[in-house]
Amino acid sequence: MTQDLSEAVALLQSGELVAFPTETVYGLGADAANPQAVAKIFAAKGRPADHPLIVHLPGAAHLESWAKAIPVMAWELAEAFWPGPLTLILKRASAVPYAVTGGQETVGVRVPSHPVALDLLRAYAQAGGGQEGLCGIAAPSANRFGRISPTDAAHVYQELGAAVALVLDGGPCQIGIESSIIDLSRGQDFPPRLLRPGPITPEQIEIVIGQRPEQIGTPLGVNAPRVSGSLDGHYAPQTPLCLVATSELSLFLDQLSASATPFGVLSYSTNLMRASSLASASLRLPDNPRGYAQGLYAVLRELDRLGNALIVVEAVPENANWAAVADRLHRAAYGSKN
Ligand code: TXA
Ligand code: MG
């Protein structure tokens, strides 16, 4: 075990916070069986206590310590996608503190695939885990409440600084947006429900369980330009952000420059050279959903840092492949905190 890992395990066991990389975003971890340790997560993030946290496990073998009445579908999904970016919502086992579940009778669990996260979880298990011998690390994204999720260790320092005892550095996250969340807690009579679109798609889930999960949440894309920022629930970036359809972008940016508003642009189309030249900052992400997702939060963070009056984002295509990215952009534009 490296110095960092053994220190991380010792800190978790003594009820301290450890930030660690996952394949999706960096997590802010605490012993999930220790309510006092979990309370520190909420304090560090500035997050309301009724928001539930995801418990990270070393493997599916630990599932029964954290959940009960586990349906067959859960085992099938765990087998297919763990370690990986899929969170299952299940009925909570009695040992799970309400501090972790936000007072609910359900618990979110996943096994991350980042090698540093897995090494940490395995080392933690080997050292006897946390309180009651339970082995789970509760971890939300390691950002302050309402801000952009960190995809790099440097972002975690920017967000939380001294509030974290240790930040394990695993480099930039490969996936870059948060896990898909599927709710299997409602019993056999209800279909599974996708609570958060993410890297694992409804189509992939259907192939495994023979059933397409119900989808709730935000629409896929946005056509008309609308601007965030006036909303009380304004989600990060702190700079107001608006989504504009590709076909309307040139005209929109022309009008903005005419009004002398300093703005940054995030695009993916390759033919927007002139439009982008009007911006005080113009960043481009790859025109495929994977590459785009991987860079999204770092680029939003950068555009936010430049302190323009507005961030203009080219709306992404309205199809299933882009659904998870569209969801994050929609949240950034219209307000949703986490
Ligand atoms: O990829 C991820 O999932 C990252 C990494 C660190 O694992 N974690 C993450 O955590 O995104 P957080 O706390 O930022 O978002 C967790 C989401 C929240 O929207 C929360 O409401 C939902 O999971 N969640 C957790 N437990 C739940 C439960 N019992 N019922 C319903 N939703 C739950
Ligand atoms: Mg979050």
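Residues numbered from 1 in each chain as written. Chains lettered and ligands numbered in written order. Predicted model: local features only at pLDDT ≥ 70, side-chain atom pairs only at ≥ 80, totals over all residues. Heavy atoms only, no water.

## Quick word on the site of ligand 1
Right, on to step 1. Taken together, 23 residues sit near ligand 1, with Thr24, His56, Ser141, Ser179 and Arg196 positioned nearest.
Right, on to step 2. Arg47 is positioned such that a nitrogen or oxygen atom in its side chain is 2.9 Å from an oxygen atom of ligand 1.
Right, on to step 3. Here Thr106 contributes a side-chain N or O atom positioned 3.0 Å from a nitrogen atom of ligand 1.
Right, on to step 4. Contact with the protein chains removes 91% of the 680 Å² of surface that ligand 1 exposes when unbound.
Right, on to step 5. Of the residues belonging to the shell around ligand 1, the class tally is ten nonpolar, nine polar and four charged. (Near = heavy atom within 4 Å. Polar contact = N/O pair within 3.5 Å; in protein donor to acceptor, adjacent residues only side chain to side chain. Areas by Shrake-Rupley, 256 points an atom, 1.4 Å probe, with all protein chains shown as cover. Nonpolar A, V, L, I, M, F, W, Y, C, P; charged D, E, K, R; others polar.)

## Some points on the packing of helix H1 (residues 3-13) against helix H6 (residues 115-126)
Right, on to step 1. The N-to-C vectors of H1 and H6 enclose an angle of 60 degrees; their axes lie 9 Å apart at closest approach. As summarised for this structure, H1 and H6 are arranged oblique, according to the angle between their axes. Where H1 crosses over H6, the handedness of that crossing is right-handed. In this structure, H1 contributes Leu5, Ala8, Val9, Leu12 and Gln13 to the contact, and H6 contributes Asp119, Leu120, Ala123 and Tyr124. (Axes fitted to C-alpha atoms, helices over the stretch in contact; angles between N-to-C directions. Helix = DSSP H or I, 4+ residues; strand = E, 2+ residues; numbered from the N terminus. Parallel < 35°, antiparallel > 145°, perpendicular 65-115°, else oblique. Left-handed = near helix turned anticlockwise from the far one by under 90°. Contact = heavy atoms within 4.5 Å.)

## Observations concerning the packing of aromatic side chains
Right, on to step 1. Under the criterion given, the structure shown has three aromatic pairs.
Right, on to step 2. Here the aromatic rings of Tyr268 and Tyr292 are separated by 6.3 Å at their centres, their planes lie at 75 degrees, and the arrangement is edge-to-face. You can see Tyr268 sitting in the loop between strand E14 (263-267) and helix H10 (273-277) and its partner Tyr292 sitting in helix H11 (residues 289-305), a full 24 residues away along the chain.
Right, on to step 3. A residue is classified by how much of its surface remains accessible, and Tyr292, at 0% relative accessible area, is buried.
Right, on to step 4. Ring centres of Tyr268 and Trp322 lie 5.6 Å apart, and the angle between their planes is 35 degrees; this geometry places the pair in the tilted category. (Phe/Tyr/Trp six-rings, centres within 6.5 Å; stacked < 30°, edge-to-face > 60°. Buried < 20%, exposed > 50% of the residue type's maximum accessible area, 1.4 Å probe, protein only.)

## Structural notes on the pairing of strand E9 (residues 180-183)
Right, on to step 1. Residues Ser180 and Ile182 line one face of E9 and the alternating positions Ile181 and Asp183 line the opposite face, and both faces are buried.
Right, on to step 2. Relative to strand E10 (residues 193-196), E9 runs antiparallel, the two being bridged by three bridges. Note that in E10 the partner of Ile182 across the bridge is Leu194. (Pairing = 2+ DSSP bridges.)

## Quick word on the domain arrangement of the protein
Right, on to step 1. Domain assignment breaks the protein into domain 1 (2-215) and domain 2 (241-336).
Right, on to step 2. Inter-centroid distance (C-alpha atoms) of domain 1 to domain 2 is 30 Å.
Right, on to step 3. In this complex, domain 1 contributes 20 residues to the contact, which on the side of domain 2 involves 14 residues.
Right, on to step 4. Surface buried jointly by domain 1 and domain 2 totals about 1400 Å² across both partners, of which 54% is contributed by carbon and sulfur atoms.
Right, on to step 5. The largest contributions to the domain 1 side of the interface with domain 2 come from Ile148, Ile177 and Pro197, which together make up 40% of the buried area.
Right, on to step 6. Here domain 1 and domain 2 share two salt bridges between them.
Right, on to step 7. Across the salt bridge formed by Glu159 and Arg301, the nearest N and O atoms sit 3.0 Å from each other. (Domains from an automatic or database assignment. Buried area = accessible area lost by both parts, 1.4 Å probe. Salt bridge = Lys/Arg side-chain N within 4 Å of Asp/Glu carboxyl O.)

## Side note on helix H9 (residues 246-258)
In an α-helix, one full turn covers 3.6 residues, which means residues spaced three or four apart are oriented alike.
Right, on to step 1. Taking 1.5 Å per residue as the helical rise, H9 with its 13 residues ought to reach 18 Å, and the 19 Å between its terminal C-alpha atoms agrees with that figure.
Right, on to step 2. Buried residues of H9: Leu249, Phe252, Leu253 and Leu256, and no others.
Right, on to step 3. Following H9 by one or two positions, Ala260 has its phi on the positive side, about 60 degrees. (Expected span 1.5 Å × (residues − 1).)

## Regarding the side chain of Ser180
Right, on to step 1. Positionally, Ser180 belongs in strand E9.
Right, on to step 2. What Ser180 contacts, discounting residues up to four positions off in sequence, is Pro85, Leu86, Thr87, Leu194, Arg196, Pro197, Gly198, Pro199 and Ile200.

## Remarks on the confidence of the model for the protein
Right, on to step 1. In the predicted model, the protein carries a mean pLDDT of 91, and 92% of its residues have values of at least 70.
Right, on to step 2. Low confidence marks residues 218-234, where pLDDT is under 50. Its contacts with residues over four positions away, or in another chain, come to 49 contacts. (pLDDT = per-residue confidence, 0-100.)

## Overview of the pattern of salt bridges
Right, on to step 1. Applying the stated criterion across every chain yields a total of 13 salt bridges.
Right, on to step 2. Arg92 is paired through a salt bridge with Glu105; the nearest N and O atoms lie 2.9 Å apart. Within this pair, whereas Arg92 is found in strand E5 (residues 86-92), its partner Glu105 is found in the loop between helix H5 (98-101) and strand E6 (106-110), the two being separated by 13 residues in sequence.
Right, on to step 3. Judged by relative accessible area, which is 10%, Arg92 ranks as buried.
Right, on to step 4. For Glu105, a relative accessible area of 46% gives the class partly exposed.
Right, on to step 5. Each of Glu178, Asp327, Arg328 and Arg331 takes part in one network of salt bridges that share partners.

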